[in-house]
Amino acid sequence: NVSIRGKILKGMVISAKMKRTIIIRRNYLHYIKKFNRFEKRHSNVAVHCSPCFDVKEGDIATVGECRPLSKTVRFNVLKMEKNQIFGTARKQFRLF
């Protein structure tokens, strides 16, 4: 039991290969003032996933910040939503 405090984030699961850890991809748009346009960017976040969640690539995860659980893991899965995607989940750009 770890307390959830700080940020609550959403992202798409792109890897569920580790034991009790998943990687989520957070997509966002970055504004370039010079060209008056947006560019697509993303960041990957390592998240601890309890065994009670049935996780597949492409699902949408809601995660909350907690204390550091390992070198890279600082978030915990709060909620999973099933998602129908076609093709690979890695390169999908979708804002939540």
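Residues numbered from 1 in each chain as written. Predicted model: local features only at pLDDT ≥ 70, side-chain atom pairs only at ≥ 80, totals over all residues. Heavy atoms only, no water.

Glancing now at a nonpolar patch on the surface. The grouping of Leu29, Tyr31, Phe38 and Leu95 at the surface amounts to a nonpolar patch, some 410 Å² of accessible area in total. Along the chain, Tyr31 falls in strand S2 (residues 21-32). (Patch = residues over 30% accessible without salt bridge, like charges linked within 9 Å, V, L, I, M, F, W, Y side chains within 5 Å. Areas by Shrake-Rupley, 256 points an atom, 1.4 Å probe, with all protein chains shown as cover. Salt bridge = Lys/Arg side-chain N within 4 Å of Asp/Glu carboxyl O. Helix = DSSP H or I, 4+ residues; strand = E, 2+ residues; numbered from the N terminus.)

Turning to the sheet that holds strand S4 (residues 60-65), a few remarks are in order. Spatial ordering of the closed barrel is given by S1-S2-S3-S5-S4, a layout of 5 strands whose pairing is mixed. Between one strand axis and the next, the sheet turns by 45° as a mean value, whatever way the strands run. Where strand S1 (residues 8-15) lies against S2, 3 bridges are found, and the strand directions are antiparallel. The partner of Ser15 across the bridge, within S2, is Ile23. (Pairing = 2+ DSSP bridges. Axes fitted to C-alpha atoms, helices over the stretch in contact; angles between N-to-C directions.)

A positive phi angle is found at Arg20, which is not glycine, with a value near 60°. Residue position: Arg20 is located in the loop between S1 and S2.

Further remarks concern the packing of aromatic side chains. Enumeration according to the criterion identifies 1 aromatic pair in this entry. Stacked on the ring of Phe93, the Lys or Arg Lys40 has its end atom at 5.0 Å from the ring centre. (Phe/Tyr/Trp six-rings, centres within 6.5 Å; stacked < 30°, edge-to-face > 60°. Lys NZ or Arg CZ within 6 Å of the ring centre and 35° of its normal.)

Val13, Ile22, Ile24, Val47, Val63 and Val77 are the most contacted members of the largest nonpolar core, which has 13 residues in total. For this core, the secondary-structure elements that each account for two or more residues are S1, S2, strand S3 (37-48), S4 and strand S5 (75-81). Tallying contributions element by element places S5 first for this core, with 3 residues. Once residues within four sequence positions are removed from consideration, Val63 is found in contact with Lys7, Ile8, Leu9, Ile24, Val47, Phe75, Asn76, Val77 and Leu78. (Core = buried A, V, L, I, M, F, W, Y, C linked by side-chain atoms within 4.5 Å. Buried < 20%, exposed > 50% of the residue type's maximum accessible area, 1.4 Å probe, protein only. Contact = heavy atoms within 4.5 Å.)

Further remarks concern the pairing of S2. The side chains of a regular strand alternate, first on one face of the sheet and then on the other. Between the end of S1 and the start of S2, which pair antiparallel, lie 5 residues, with Arg20 showing a positive phi angle near 60°. Pairing analysis gives 12 bridges linking S2 to S3, with the strands arranged antiparallel. Looking at the pairing, Leu29 lines up with Lys40 of S3. Connecting S2 to the antiparallel partner S3 that follows it, the hairpin turn spans 4 residues, and Asn36 within it adopts a positive phi of roughly 55°.

Tracing the sequence through the fold places Thr21 in strand S2. Judged by relative accessible area, Thr21 falls into the buried class, the value being 15%. Look past the residues within four positions of Thr21 in its chain and what remains in contact with it is Ala46, Val47, Cys49 and Val73.

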